[in-house]
Amino acid sequence: MSRHRSRRLELPPAQENIEKLEKVINEGNCYGAQQMYKSISARYVSAERYSEALDILHSGACLQLTHGQVTCGAELASMYVETLVKGKIPYDEKTLDLVKKIYQAFPRVPLPQHLWDVDDVQQLSEDIGTAKARVEGCSSFLKAAIRWSAEYGADSNGSPELHIMLAEYIYSESPEADIGKVTYHFTRGNDPKKFASTLVNFLGKCYPGEDDLAIARAVLRFLCQGNLRDANLLVEEVKTQIESTEIEFPKSELMQFITYLLQTMERDALPLFNMLRVNYKSSIDREPAFHEMLDDIAEKFFGVQRRNPMGMFGDIFKLMGSAE
């Protein structure tokens, strides 16, 4: 019998280790359990018993997170994804559900909506630091899971469901939610109604002048994906949801541009698209990234090739390269 085969047989069933390690955590020795989770799961990976290694890491990540050990839980969560990759485990609904269970175990601790209203500054500072660590840990885990899903069977952008999870966690748990990051992941997701709810919540507490930028950014991100349907659905859903609130849909030249842009995208109207970019340039200039997004949209919908940033010299170098 080969040495490798012998090593496979020497390892006990994973459940034995899962029960033993759960007992160690319940006794309060989370750090000791962490080292054991890492070393024991590594043995199963080395023996190519990936399924059992995954069971051990999944159990450990969930237990550590539910015991409030975010750093330990996030480390095991990331190791879980690394093992999915090592084992070349395909993306499917069963594995997605297991990833989702780890995600759901990450703590959710709401911070005060108005941070300046808090009296205990030191406690607030500690709470903000803890929140940032939670978001960083969950983000690292989900970003790795998105990369795995893209490589092993999901959409080329990664699993839409995983993008939604990441967007939700960043928005709900970050001390100061980066609406740009939230938008990036929601527009790679598959739930524009949920995104609309998040945007409406943001509109109710953002600074003046951020509201129309947030909606415009969302629409342009969808269009960069070639997703005109969800871009339209998002705007309509935001309008519908704010009817039952005291929030007003922003009225600005940028919103006029977005309205006309969506109408233009319904037909093959490149001249009108270009005219809108010229006429509303001052509004588009409010966020430099909008110009790049519009270049992407022109290429996606109208087949317009993006200009070489090096201009004529770039074209010369390109010709020289093709002649070699």
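All residue numbers refer to position in the chain's written sequence, counted from 1. Given that the model is predicted, a residue must reach a pLDDT of at least 70 before its local features are reported, and side-chain atom pairs must reach 80 or more before they are shown or counted; all residues, however, enter totals for whole chains, interfaces and linings. Note that water and hydrogens are dropped before the side-chain values are worked out from all heavy atoms of the structure.

Caption draft 1: A look at the packing of aromatic side chains. Only rings of Phe, Tyr and Trp enter the pairing, Trp through its six-membered ring, and a pair is recorded when the two centres are within 6.5 Å. The plane angle decides the type: under 30 degrees is stacked, over 60 is edge-to-face, the rest tilted. Inspection of every chain in the model, using the stated rule, returns nine aromatic pairs. For the pair Tyr-260 and Tyr-280, a centre-to-centre distance of 6.3 Å together with 50° between the ring planes defines the contact as tilted. Residue Tyr-260 is located in helix α13 (residues 253-265), and its partner Tyr-280 is located in the loop between α14 (270-279) and α15 (281-284); the two are separated by 20 residues in the primary sequence. Three exposure classes are used, based on accessible area relative to the maximum for each residue type with a 1.4 Å probe and protein chains only: buried under 20%, partly exposed in between, and exposed over 50%. On the basis of relative accessibility, which here comes to 12%, the residue Tyr-280 falls in the buried class. Taken together, the ring pairs connect Tyr-103, Phe-106, Phe-141 and Tyr-169 into an aromatic cluster. Counting from the N terminus, the helices are DSSP H or I runs at least four residues long and the strands are E runs at least two residues long.

Caption draft 2: Geometry of the side chain of His-163. With respect to the secondary-structure elements, His-163 resides in helix α8 (residues 160-173). One polar contact links the side chain of His-163 to the main-chain carbonyl oxygen of Asn-157, over a distance of 2.8 Å. In this view, His-163 contacts Ile-146, Asn-157, Gly-158, His-185, Arg-188 and Gly-189; residues no more than four positions away in its chain are not counted. Think of a polar contact as two N or O atoms within 3.5 Å of one another; within protein, one of them needs to be a possible hydrogen donor and the other a possible acceptor, and neighboring residues in sequence only count if both atoms come from side chains. Whether two residues are in contact is decided by their heavy atoms: any pair within 4.5 Å suffices.

Caption draft 3: Summary view of the packing of helix α9 (residues 179-186) against helix α10 (residues 192-203). With their axes 11 Å apart at the nearest point, α9 and α10 run at an angle of 165° to one another. In terms of their interaxial angle, α9 and α10 are classed as roughly antiparallel. As α9 packs across α10, the resulting crossing turns out to be left-handed. In this structure, α9 uses Ile-179, Val-182, Thr-183 and Phe-186 to contact α10, whose residues at the interface are Lys-194, Phe-195, Thr-198 and Phe-202. Residues are sorted three ways: Asp, Glu, Lys and Arg are charged, Ala, Val, Leu, Ile, Met, Phe, Trp, Tyr, Cys and Pro are nonpolar, and all the rest, Gly among them, are polar. Tallied by class, the residues present in the contact of α9 with α10 amount to five nonpolar, two polar and one charged. All axes are obtained by fitting lines to C-alpha atoms, using only the stretch in contact for helices, and the reported angles, taken between N-to-C directions, cover 0 to 180 degrees. Should an angle lie under 35 degrees it is considered roughly parallel, over 145 roughly antiparallel, and from 65 to 115 roughly perpendicular; all remaining angles are considered oblique. Helix crossings are classified by the rotation of the near helix relative to the far one: an anticlockwise turn of less than a right angle makes the crossing left-handed, while a clockwise turn makes it right-handed.

Caption draft 4: The arrangement of the side chain of Ser-283 in detail. Looking at the secondary structure, you find Ser-283 in helix α15. Filtering out sequence-adjacent residues up to four positions away, Ser-283 remains in contact with Glu-253 and Leu-254.

Caption draft 5: Seen up close, the pattern of salt bridges. Counted as salt bridges are all cases of a side-chain nitrogen of Lys or Arg within 4 Å of a carboxyl oxygen of Asp or Glu. Across all of its chains, the model carries nine salt bridges by this definition. Where Asp-230 meets Arg-229, a salt bridge forms, and the shortest distance between an N and an O atom there is 3.1 Å. Judged by relative accessible area, Asp-230 falls into the buried class, the value being 4%. A salt bridge links Arg-277 to Asp-295; its shortest N-O distance comes to 3.0 Å. Of this pair, Arg-277 sits in helix α14 while Asp-295 sits in helix α16 (residues 289-302); the two residues are 18 residues apart in sequence, bridging distant segments of the chain. With a relative accessible area of 31%, Asp-295 lands in the partly exposed category.

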